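# Examination of the molecular architecture
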Amino acid sequence: MLSPAARQALRLLGGLIEEGRIRKGWSREALAQRIGVGTITVRRITRGEPGVAIGTYFEAAALVDIPLFGQESPRELERELSRQQEKLTLLPSRVRRPATEPVDDDF
């Protein structure tokens, strides 16, 4: 089950994709063909349905010129991905659960 915020985000993304499709003058069939899916999937995307693969949402968004993660070009996305991967290398490789018993540090 999705949180209300996740549902709203999907509906917003779907609406932006529909707006972009119309702005480009493409039919749903034309967008579906470019994405490589059926028109029913495009309809599900524009409604913000959660069962559609995230990659399909992103491909549709990229095709109708919606900036992903606030980045305007693939080069900017690549730089941001590089920065994010650098950050991950600085973080611990695993997260440990906190100790179940408090540490007795009273000497």
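Scroll up to find the structure.
### Quick word on the overall build of the chain
Helix and strand counts for the chain stand at five helices and zero strands. When the helices and strands of the chain are read in sequence order from the N terminus, they spell out α-α-α-α-α. Its C-alpha radius of gyration of 20 Å places the chain more than 25% over the 13 Å reference for a compact globule of 107 residues. Projected onto its principal axes, the C-alpha positions of the chain cover 75 × 35 × 20 Å. Burial statistics for the chain: of 107 residues in total, 23% are counted as buried. Residue pairs in contact within the chain that sit at least 24 positions apart in sequence constitute 48% of those at least 6 positions apart. If you sum the accessible surface of the chain, you get close to 8,500 Å²; carbon and sulfur atoms cover 54% of it. Distance between charge centres in the chain, computed from 17 positive and 15 negative side chains, equals 10 Å.

### Here we look at unusual backbone geometry
Residues apart from glycine generally show negative phi values, whereas peptide bonds are mostly found in trans. With a phi close to 65°, Asp 65 is a non-glycine residue in the positive phi region. Secondary-structure assignment places Asp 65 in the loop between α4 (54-63) and α5 (74-90). Note on Asp 65: relative accessible area 54%, which makes it exposed. The phi dihedral of Phe 69 is positive, around 60°, even though this residue is not glycine. By the element assignment, Phe 69 lies in the loop between α4 and α5. Assessed through its relative accessible area of 63%, Phe 69 is described here as exposed.

### Concerning the packing of helix α3 (residues 39-47) against α4
Taken N-terminus to C-terminus, the directions of α3 and α4 make an angle of 85°; their axes are 11 Å apart at the nearest point. With respect to each other, α3 and α4 are oriented roughly perpendicular. Two secondary-structure elements touch here, α3 through Thr 41, Arg 44 and Ile 45 and α4 through Thr 56, Tyr 57 and Ala 60. Of the residues that constitute the contact of α3 with α4, the class distribution is three nonpolar, two polar and one charged.

Cut-offs used in this document
- Residues numbered from 1 in each chain as written.
- Predicted model: local features only at pLDDT ≥ 70, side-chain atom pairs only at ≥ 80, totals over all residues.
- Heavy atoms only, no water.
- Helix = DSSP H or I, 4+ residues; strand = E, 2+ residues; numbered from the N terminus.
- Rg over C-alpha atoms; globule rule 2.2 N^0.38 Å.
- Buried < 20%, exposed > 50% of the residue type's maximum accessible area, 1.4 Å probe, protein only.
- Contact = heavy atoms within 4.5 Å.
- Areas by Shrake-Rupley, 256 points an atom, 1.4 Å probe, with all protein chains shown as cover.
- Lys, Arg positive; Asp, Glu negative; His and termini not counted.
- Charge placed at Lys NZ, Arg CZ, Asp CG, Glu CD.
- Axes fitted to C-alpha atoms, helices over the stretch in contact; angles between N-to-C directions.
- Parallel < 35°, antiparallel > 145°, perpendicular 65-115°, else oblique.
- Nonpolar A, V, L, I, M, F, W, Y, C, P; charged D, E, K, R; others polar.

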